[in-house]
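The primary structure of each chain is shown beneath.
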Amino acid sequence: MHRSAPRLTRILACAAVPVMLVVAGCSSDSDSGSGTPDKGKGSASSAPSGGQTTKAPEPAKFAELPEVCKSISAKTTESLVPKAKAKNGTAAASSDTASRGGCSWNGLDDKGVKGSQYRWLDVSFYRYESDASLGSGEKRAQENFAKELAKIQATEGAKKLKTSDSAGLGDEAKAVTYEVRKTGEDFTYASVVARTGNVLVLLTYNGAGYAGADTPSDKTILTGAVKASKEAVAAVAAANK
């Protein structure tokens, strides 16, 4: 049976909740500089008591972040999220766009009696500055790479969770696939954590079938997530040319 408009409205509202959670969760980890670099500290050596000096960490590789909603091509977002409510993406609020930013797309492709397919895509960037007390930007990004991966692997209610390496995505990358049941439906997820220099790229793609439509396979969702992640990682280098 075809679901009513109010029912689909409630479904979309519930499914889109993680958009804000991703940015909020990543910007509040235990690293005091996570996502919010302390500018100006990494350019000079500190001088502890006793006359000893500490060598300043190497400068951060990347000084800029790309325009997040344009970091993934329109062709790719249209193929991954048909019938997106906001074709150009919805930017996440950020008080420091040079250090962090996010963008998301979600939509329901309604095929009438053949059912509907829901898709959601979210990408976030976090840039870490070099700091005399915290270390180089790259070191800080490496530390937070491990933290963000652990958060995904600990997703509440996740089933059939698998973690794999993702070659060709920056300096290091991991992909996690899993299933979560919510709003009465089974959702297939693929989350990618990638690091390029001192920048982390976090991308999540998920989907579900409604009104009798099939749940998308983990292979389909993972392939889409990796494709979008490659574009996002490449956008970091392009923004710093």
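To be clear, the structure that these remarks concern was listed above.
Residues numbered from 1 in each chain as written. Predicted model: local features only at pLDDT ≥ 70, side-chain atom pairs only at ≥ 80, totals over all residues. Heavy atoms only, no water.

Peer 1: Is there a simple way to think about the pairing of strand β5 (residues 172-182) in this case?
Peer 2: The side chains of a regular strand alternate, first on one face of the sheet and then on the other. The pairing of strand β4 (residues 159-165) with β5 spans five bridges and is antiparallel. Within the sheet, the bridge partner assigned to K159 lies in β5 and is E179. Turn length for the β4-β5 hairpin, with the two strands adjacent in sequence and antiparallel, is six residues, and the turn residue G168 shows positive phi of about 80°. Pairing analysis gives eleven bridges linking β5 to strand β6 (residues 185-196), with the strands arranged antiparallel. Paired with T177 across the two strands is A190, which belongs to β6. Linking β5 to β6, which pair antiparallel, is a turn of two residues; within it T183 sits at a positive phi near 45°. (Pairing = 2+ DSSP bridges. Helix = DSSP H or I, 4+ residues; strand = E, 2+ residues; numbered from the N terminus.)

Peer 1: So what exactly am I meant to see when it comes to the sheet that holds β4 here?
Peer 2: What links the strands of a sheet is backbone hydrogen bonding, and the strands pair in either a parallel or an antiparallel sense. Overall, antiparallel pairing links the seven strands, which are arranged β1-β2-β3-β7-β6-β5-β4 in an open sheet. Only two strands of the sheet have a single neighbouring strand rather than two, namely β1 (90-91) and β4. In the packing of helix α4 (residues 137-153) onto the sheet, contacts are made with β4, β5, β6 and β7 (199-210), and the angle to β6 comes to roughly 170°. Strand contacts of helix α5 (residues 218-239): β3 (116-127), β5, β6 and β7, with the helix running at about 150° to β7, the strand carrying the most contacts. (Contact = heavy atoms within 4.5 Å. Axes fitted to C-alpha atoms, helices over the stretch in contact; angles between N-to-C directions.)

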